[in-house]
Every structure is written in structure tokens, then in C-alpha cells.
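Analysis of the macromolecular model
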Number of protein chains: 2
Amino acid sequence: MATTGDAAPRRRGRPPDRRSEETLARILRAARDRFSKVGYAQTSMADIAEAAGVTPRAIYHYADSKPRLFALAAEQAYQRFGAEIVARVLTHDDTAARLRGYVDVFRTLYQDDPGIVAFVSRSALDADRVPELSESLPTWVAGVLDVNELVVRDSVERGELAAGVEPAGAVALLEVFGAGLTLLAGGDRGPEYLAMLDALEHLIDGSLFVARPGVDPAQEFH
Amino acid sequence: MATTGDAAPRRRGRPPDRRSEETLARILRAARDRFSKVGYAQTSMADIAEAAGVTPRAIYHYADSKPRLFALAAEQAYQRFGAEIVARVLTHDDTAARLRGYVDVFRTLYQDDPGIVAFVSRSALDADRVPELSESLPTWVAGVLDVNELVVRDSVERGELAAGVEPAGAVALLEVFGAGLTLLAGGDRGPEYLAMLDALEHLIDGSLFVARPGVDPAQEFH
């Protein structure tokens, strides 16, 4: 009974798999949005169904519990994030180009869907706090952290990291950026977020500030 | 009945106000820790009392509800943060010195108590999601954001921000740092966190990476 009832009724002119794919995409987008904005604990499957414009039954067709829906949304977000990192960071050899590539990952994903960027950090925070989520994320998060380590290790091997900088500190600095960049993506900032990424690229290149020749700031006001 | 029962019994040799101050400090530290690690919604007053080693009654002496305890913990954390910003950031005139001052704020507070740094971001995330907290934080958070705007405005006026960088983007970049630095403080990283701050100071000074003269990365591997 349940199995035939779960199948969506066929319509002429549109293949059912395409329709199913679109429904799933809408459900996952709504799930990311509600989990990020309201928090996992405060979100119900019914809230997500309403936000996605589908029946709760339609959600259960893809994920039969809230933790599974969370895991599915996280899997999609992290896979997308990971694919962008491979394409835009790891294709470069030198550290500066890789860091610019990171900025590009955020630029591309944010322009496509700010919610997917925001969910990467919010989901990690929720998974940290809610016991039933403890197994949904570790592998994905570890994958991103592995890339940070790889980038710093290669930087050291290529002699590009300045002497006196501890590699573990540089890895943690990449995490600081990851946490900050994903968190701010949740704030509906639009073009300001993209302007921030431009400023970050200047900082990476050492060109965010102008050195004013001939002016000694210590002498100027004192 | 309640009023006399609330007063702590006096002991010889230790003035009661001093004792009360220590109890409050212990309660606020436990509150920050539980709220940060487990989340506001999942934390009860009894949990906090247990973590602080006091009776739930002792907590109600200082804050008669969970939202009020949260507000008290937030007030203390943000006041401490604000005082450090005034002392270490705003005492400088030039932007580079101010940014190094920011790094110093995090260094000082983290060495003193990582939990106070972590609570600054976790509390803002909770306040964003839990309706009963909506009025506990806005003023404090706005104060920190005002400083970011002031630093960038002064930087523009002094001609220190590079041409082509949008001031709003630079302000958001300071927020990215604030969010990332406070979030990572929650991870029990110890010396690695301090090494990360050193790496960040190198990045601000444009000295995180070594330019290798004579080597063209584009030619090296292709």
C-alpha cells in the first residue's frame, strides 16, 4: 500500500524523474534555509514542507526522518563545496593562487545560492550540539579540513610560508576564514558580501592598505 | 521568608560581598560554557547550577529566569570585549596598528578565558534564533559593528584603504574575522589558537607568504 502511494502520479509531457529531481532540490533548499535560520531543534518536517510548498508526505519519500533530511541537505551542500574546491583551489600549485581560488569558491557558490554557503557552517554548529546529528557531518567536515592542511603543507614544501609562521597556525587561520565566510553568508547581504570577497582578495595579495611614503603615523598626531 | 532565605549565611574572615562576587563569576562562566557548548535551548538552569557547583536557588539570586541569565552573561562578555577594543584598537590612529590591536584583543581575552571569546559569537547565533533572546544582544552587537565601521571610515579618511576597495566590503571583512575568530575559540585549541593569531598578524602585515624572486610559479610545473 505505502509503496504505490509514495509514487508521484505521472503527467504527460514531463518525465517523472525530472519532476522528482526538481521537488528534491526545492525540499533541500527549504531544509537548508529553515535549519540555518531557525536552527535544527526548532525546525519541524512540517515547517520545511510548507516552505518548500510540498506535503510532508512528499518529504518522507526522500528522507524518512528529520536527521536523515539534515544529512541529505548536508551531503549536497558539502559535495557542491568540495567540487568547487577541487576545481578552483587544487588545480593551482602556488599558495597565493590557491587562496585566490578559495575566494572564488565562495564568490561562485554565493552568487548561485547564499543558503548553501551559510548552511556549511550552521550545519556544523548544529551537528556539534545535537546528539542525533553527530554522525551526519564528520566525514564532510574532515574533508574540508584535510584540504586546509594540504594547502599549508604544500606551501611549506614550496618555501612559500614565511619563516616563523607555525603551519598549525596557518591551517587554523584558513579555518577562521571558512567559519567567518560561511557564517556571514547567512545575513542576506547581497553585493556587500561580494565586495567583502574583493577586499579579502586584496588582503591576501598584501594590497588592502596603501603605504603612504614619507608619512610617519607615529609623528602625525602626537 | 524568601528574602531572608536568599541571603548567604555570613562566615568569619571573608566579607560576604567578595564571596558573592566569586559565586556570580563562577555562575557566569558556567552559563557561558553550557550555552556555548550545548546551546541555549538545550541548557537548563539546573545544568548551569551543577556546572558551577551551586544550587539552582543560588542562581535565581542573581537572575530570576534563563533569558535574564543569558543577558547577564552576554553583558559581561561584551563589556569585557568592548573595554579591550577601546584599550587596544581605538588608542591607535593608523589602520595597520588598529588591526594589530584587534589581534591583540583576541590574544589577551583568549589567554584569559577562551570561553568568553567563544560566547561572543555563539550568543549572537542563539539570540538570532530564539525569540525570547531577541532583546538581550542587539545593543552589544551593534557596538562592535560600530567600531568596525569607524575603523574603516578613518582608514578611508587617512587614505590608507587601497583604491578600488569598497568600504562596505572592508567593514564586512572585519565581521568575517570577528565571526571566525570567536567561533574557533570554542574548540579547545590552546596554543594552536595563539599560533593562528600570529599567522593573522603576518597576513595583515602582508608578510605571511614569501615572494620567491626569480621563480615563476606558472613556469615551474607546466
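Please refer to the structure higher up on the page.
Here goes a summary of the coordinates provided. In this numbering scheme, every chain counts its residues from 1 along its sequence in written order. As they are written, the chains are lettered A onward and the ligands numbered 1 onward, keeping that order. Thresholds applied to this predicted model are a pLDDT of at least 70 for local features of residues and 80 or more for the giving and counting of side-chain atom pairs; totals over whole chains, interfaces and linings are not thresholded and use all residues.

1. Let's talk about the relation of the copies chain B and chain A
Alignment of the copies relies on least squares applied to C-alpha atoms, considering only residues that score at least 70 for pLDDT in both. In the superposition of chain B on chain A (RMSD 0.0 Å, axial shift 0.0 Å), the rotation amounts to 180 degrees. On the angle and the small slide along the axis, the relation comes out as a two-fold axis. Here 100% of the contact residues of chain B are again contact residues in chain A; the copies associate through an equivalent surface. It is the C-beta atoms, placed from the backbone, that decide contacts: two residues are in contact if theirs lie within 7 Å.

2. Quick look at the environment of Asp126 of chain A
Residue and element names in this part refer to chain A. Secondary structure is summarised from DSSP: a helix means a run of H or I of at least four residues, a strand means a run of E of at least two, and numbering begins at the N terminus for each. When you line up the elements, Asp126 lands in helix H7 (residues 114–129). Burial is judged by counting other C-beta atoms within 10 Å of a residue's own C-beta: 20 or more means buried, 12 or fewer means exposed, and anything between counts as partly exposed, with every C-beta placed from the backbone. Among the residues examined, Asp126 registers 22 C-beta atoms within 10 Å and is labelled buried. Remark: the alpha-carbon pair of Asp126 and Tyr193, spanning 67 residues in sequence, is separated by 24 Å. When sequence neighbours within four positions are dropped, the list of residues in contact with Asp126 reads Phe35, Gly39, Tyr40 and Leu133.

3. Here we look at the interface of chain B and chain A
The interface is formed by 47 residues belonging to chain B together with 47 residues belonging to chain A. Breaking the side of chain B that touches chain A down by element, the ones donating at least two residues are helix H6 (95–112), helix H7 (114–129), helix H9 (167–184) and helix H10 (191–204) of chain B. Considering every element that reaches the side of chain B that touches chain A, the biggest residue donor is H9 of chain B, with 13 residues. Across the side of chain B that touches chain A, the residue classes break down as 28 nonpolar, 9 polar and 10 charged. Gly falls in the polar group here, along with every residue not listed as nonpolar (Ala, Val, Leu, Ile, Met, Phe, Trp, Tyr, Cys, Pro) or charged (Asp, Glu, Lys, Arg).

4. Re H6 of chain B
Residue and element names in this part refer to chain B. By this rule, a helix spans an expected 1.5 Å times one less than how many residues it contains. Spanning 18 residues, H6 covers 26 Å between terminal C-alpha atoms, matching the ideal 26 Å at 1.5 Å per step. All buried positions along H6 are accounted for by Thr95, Arg98, Leu99, Tyr102, Val103, Val105, Phe106, Leu109 and Tyr110. Along the axis of H6, the buried residues cluster in a sector spanning 150 degrees; they form a single face. Residues Gln111 and Asp112 are exposed on H6 and point more than 90 degrees away from its buried face. Taking the helix axis as origin, the arc is that swept by the directions to the C-beta atoms.

5. Points about the packing of helix H5 (residues 66–88) of chain A against H7 of chain A
All names here are of chain A. It is at 9 Å that the axes of H5 and H7 come closest, and there the two elements cross at 115 degrees. Considering how the two elements wind past one another, H5 and H7 form a crossing that is left-handed. Within the contact between the two elements, H5 uses Ala73, Ala74, Ala77, Tyr78, Arg80 and Phe81 and H7 uses Ile116, Phe119, Val120 and Ser123. Its residues assigned to classes, the contact of H5 with H7 shows 8 nonpolar, 1 polar and 1 charged. Between the N-to-C directions of two axes lies an angle of 0 to 180 degrees, each axis being a line fitted to C-alpha atoms and, for a helix, fitted only over the stretch in contact. By definition, any crossing whose near helix is turned counterclockwise from its far helix by less than a right angle is left-handed, and any crossing with a clockwise turn is right-handed.

6. Some words on the packing of H7 of chain A against helix H9 (residues 167–184) of chain A
Residues and elements named next belong to chain A. Contact geometry of H7 with H9 gives a least axis separation of 7 Å together with a crossing angle of 125 degrees. Considering their axes alone, H7 and H9 lie oblique with respect to each other. In this structure, H7 crosses over H9, and the sense of that crossing is left-handed. In contact with Val117, Ala118, Val120 and Ser121 of H7, H9 contributes Ala179, Thr182 and Leu183. Our angle categories are set so that under 35 degrees counts as roughly parallel, over 145 as roughly antiparallel, 65 to 115 as roughly perpendicular, and the remainder as oblique.

Keep in mind these values describe shape, not function.
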